[in-house]
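These are the residues of each chain, in order.
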Amino acid sequence: MNEEQRLAGQAPTTKEKDYSQYFQSVYTPPSLKNAKKRGREEISYHDDFSIDEQFRGMGQGRTFYIRTYGCQMNEHDTEVIAGILVGLGYEPTETVDNADIVLLNTCAIRENAENKVFGELGHLKPLKLERPDMLIGVCGCMSQEESVVNKILKTYDQVDMVFGTHNIHRLPEILREAYLSKEMVVEVWSKEGDIIENLPRVRKGNIKGWVNIMYGCDKFCTYCIVPYTRGKERSRRPEDIIQEVRQLAAAGYQEITLLGQNVNAYGKDFEDGDYRLGDLMDDLRKIDIPRIRFTTSHPRDFDDHLIEVLAKGGNLVDHIHLPVQSGSSEILKIMSRKYTREHYLELVSKIKRAIPNVTLTTDIIVGFPNETDEQFEETISLYKEVGFDMAFTYIYSPREGTPAAKMQDNVPMQVKKERLQKLNKVVNDFSAEAMKPYQGKVVNVLVEGESKRNKDVLSGYTEKSKLVNFRAPASVIGKIVQVRVVEAKTWSLDGEYIGVQEEEKVMS
Ligand code: SAH
Ligand code: SF4
Ligand code: F3S
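Residues numbered from 1 in each chain as written. Chains lettered and ligands numbered in written order. Predicted model: local features only at pLDDT ≥ 70, side-chain atom pairs only at ≥ 80, totals over all residues. Heavy atoms only, no water.

The protein appears in an unreviewed UniProt entry as tRNA-2-methylthio-N(6)-dimethylallyladenosine synthase from Sporosarcina aquimarina. The UniProt entry for the protein carries the following text under Sequence similarities (unreviewed entry): "Belongs to the methylthiotransferase family. MiaB subfamily." Entered under Catalytic activity (unreviewed entry) in the UniProt record, the comment concerning the protein runs "N(6)-dimethylallyladenosine(37) in tRNA + (sulfur carrier)-SH + AH2 + 2 S-adenosyl-L-methionine = 2-methylsulfanyl-N(6)-dimethylallyladenosine(37) in tRNA + (sulfur carrier)-H + 5'-deoxyadenosine + L-methionine + A + S-adenosyl-L-homocysteine + 2 H(+)". (UniProt positions renumbered as here; feature names shortened; annotations may be inferred.)

Undergrad: Could you clarify how one ought to interpret the packing of helix α12 (residues 341-354) against helix α13 (residues 373-386) in this entry?
TA: When two helices pack together, their arrangement is captured by the angle between the axes and the distance separating the axes. Following both chains from N to C, one finds α12 and α13 inclined at 10°, their axes separated by 11 Å at the closest point. Looking at the two axes, α12 sits roughly parallel to α13. On the side of α12, the interface is formed by Arg 341, Tyr 344, Leu 345, Val 348 and Lys 352, while α13 contributes Glu 378, Ser 381, Leu 382, Glu 385 and Val 386. Of the residues that constitute the contact of α12 with α13, the class distribution is 5 nonpolar, 1 polar and 4 charged. (Axes fitted to C-alpha atoms, helices over the stretch in contact; angles between N-to-C directions. Helix = DSSP H or I, 4+ residues; strand = E, 2+ residues; numbered from the N terminus. Parallel < 35°, antiparallel > 145°, perpendicular 65-115°, else oblique. Contact = heavy atoms within 4.5 Å. Nonpolar A, V, L, I, M, F, W, Y, C, P; charged D, E, K, R; others polar.)

Undergrad: Quick question: what am I supposed to make of the side chain of Glu 255 here?
TA: As for its position among the elements, Glu 255 is in strand β12 (residues 255-259). Taking relative accessible area as the criterion, Glu 255 reaches 3% and is therefore assigned buried. Among residues more than four places away in sequence, those in contact with Glu 255 are Ile 207, Lys 208, Gly 209, Ile 289, Arg 291, Arg 293 and Leu 446. (Buried < 20%, exposed > 50% of the residue type's maximum accessible area, 1.4 Å probe, protein only.)

Undergrad: Help me out: how do you make sense of the site of ligand 1 in this one?
TA: Looking at ligand 1, there are 15 residues lining it, with Gln 261, Pro 323, Gln 325, Asp 363 and Ser 397 nearest. Within the contact set of ligand 1, an oxygen atom lies 3.1 Å away from a side-chain nitrogen or oxygen of Arg 110. A distance of 2.7 Å separates an oxygen atom of ligand 1 from a polar atom in the side chain of Asp 363. Listing elements by their share of the shell around ligand 1, those giving two or more residues are β15 (359-366) and β16 (390-395). (Near = heavy atom within 4 Å. Polar contact = N/O pair within 3.5 Å; in protein donor to acceptor, adjacent residues only side chain to side chain.)

Undergrad: Which parts of the structure should I look at to understand the domain arrangement of the protein?
TA: For an interface, size is often stated in terms of accessible area lost upon the parts coming together. The assigned domain composition of the protein is domain 1 (3-187), domain 2 (202-436) and domain 3 (439-507). Of note, the centres of domain 2 and domain 3, computed from C-alpha atoms alone, are 26 Å apart. Contact residues are listed per partner, giving 22 residues for domain 2 and 21 residues for domain 3. Together, the buried faces of domain 2 and domain 3 total about 1,700 Å²; carbon and sulfur atoms form 55% of this surface. Three residues, Ile 207, Arg 291 and Met 435, lead the burial of domain 2 against domain 3; their summed loss comes to 40% of the area buried on that side. Here domain 2 is connected to domain 3 by 3 salt bridges. Lys 208 is paired through a salt bridge with Glu 448; the nearest N and O atoms lie 2.6 Å apart. If you list the elements that add at least two residues to the side of domain 2 that touches domain 3, you get β13 (291-295) and α14 (413-435). With 6 residues, α14 is the single largest residue contributor to the side of domain 2 that touches domain 3. (Domains from an automatic or database assignment. Buried area = accessible area lost by both parts, 1.4 Å probe. Salt bridge = Lys/Arg side-chain N within 4 Å of Asp/Glu carboxyl O.)

Undergrad: Sorry if this is basic, but what is going on with the sheet that holds strand β3 (residues 91-92) here?
TA: Strands belonging to one sheet form pairs held by backbone hydrogen bonds; the direction of such a pair is parallel or antiparallel. Reading across from one edge, β3-β2-β4-β5-β6-β7 is the order of the 6 strands in this open sheet, with parallel pairing throughout. With partners counted over all chains shown, the strands left at the sheet margins are β3 and β7 (185-187), one partner each. Sheet topology places strand β4 (residues 101-106) next to strand β5 (residues 135-140); 6 bridges connect them, and they run parallel. Paired with Leu 104 across the two strands is Val 138, which belongs to β5. Contacting β2 (63-68), β4 and β5, helix α4 (residues 111-130) runs over the sheet at an angle of about 175° to β4. Sitting on the sheet, helix α6 (residues 171-180) touches β4, β5, β6 (161-163) and β7, and the angle it makes with β6 is about 160°. (Pairing = 2+ DSSP bridges.)

See the structure below:
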């Protein structure tokens, strides 16, 4: 075996097998026209992922570091990437300084998310010059954008490989090519019809687990890049999801978050279309695991059956994240959210009737092109009417290739910033208000570990995702415990530890 082969993990040379077909850069820029044409062709499920013998030695004595940006979907993809790397023999390391592979798993949702990544690539350049043998890779949503890939090819020669969100399972081949090639390796598929089932994963922790239930998004909200970076909607088979949740329950996990960009569209792509999110939740409810949540749900597909099932409670938590984006029907229409203010409020009333104790949180965009003061005020009034416990709020960020990016915009940035501030003030006030009733009450907390701010304090979350800090022995980490709230703050609760949770239900 020569040095080249050792580096490439005993791979055959490219002469033995022609891999060039895999390395065509088949990325396309976001184009509504092309994306909307994407077919109804069958989803193919693959259960045969394995790491080929020829790659086994590749990571021997080498380390990797992955920096993750963006949503839970990306966090979970990182667990899969780590799973493949560990399968190849690499070991995780805590910093970039001594890592043999550094991967940036990127997010394209807003411009500042992308800027962070370009900044980080800049920081990595001296490291690469010092250690030319290290590999730097860019993956995740930014790699699905043609303009980003072109920018990297042109300006960031410290990058060794770029691979897309549909190419993660091809990491062993991509790495081998990166070791052998002097050029930057780019493998980004626009093809999106596959679901690879048995990918390895190294999960972050053993308390809370993420489970994908579907991939992609077909909603095409006019501001959003995700339908282009993640491809079309495709659902995992119920039996695969149920089996994964069962395995996590058996391994002692306490909480599962079901993931999808638009989980309410789950099952729409199945041939008979009969088995939907409500059915899945009804099946998962029977599994012996304390908490099950899902994110993110689009108001449009939130059907009555799902509400009925969620109302059964049990391990289905009574916290729903339901992004509204705007309180103005006119803006919602231009956003192509496919519901009106009235529809949203009706849905909220229905949910509140069925689940009286429900907690609702949301996402809001301010400063959408040409948003008027009145339209913005409608967002404020909707927020108050619903009484959300919390919201993620953003200033609209134009994303190249999306329909909204082509719209003329007469709202100055200063006005957008003021609107964000005004909205955030309301969000803070409502959060503080929602915390008050907890004062003196006992809550169930899933203990995740030491508090980030103070090592003597443990912290965890209630079913309704309220952060609770309290002192208790480290042995309760990973358990659900009872805590009496002594101080309700704006964003968190301070409490006194009582003991490990008993069967009886308390305020959560
Ligand atoms: N699929 C989820 C949203 C995922 S993106 C849903 O529809 O609920 C998370 C949030 O980012 C969105 O809810 C939206 O509020 C925000 N967002 C998406 N695109 C954005 C853009 N171009 N500018 C600003 N915020 C954006
Ligand atoms: Fe983006 Fe969510 Fe709309 Fe899909 S549903 S286009 S992910 S905002
Ligand atoms: Fe970002 Fe992609 Fe998630 S754009 S928010 S990482 S799906």
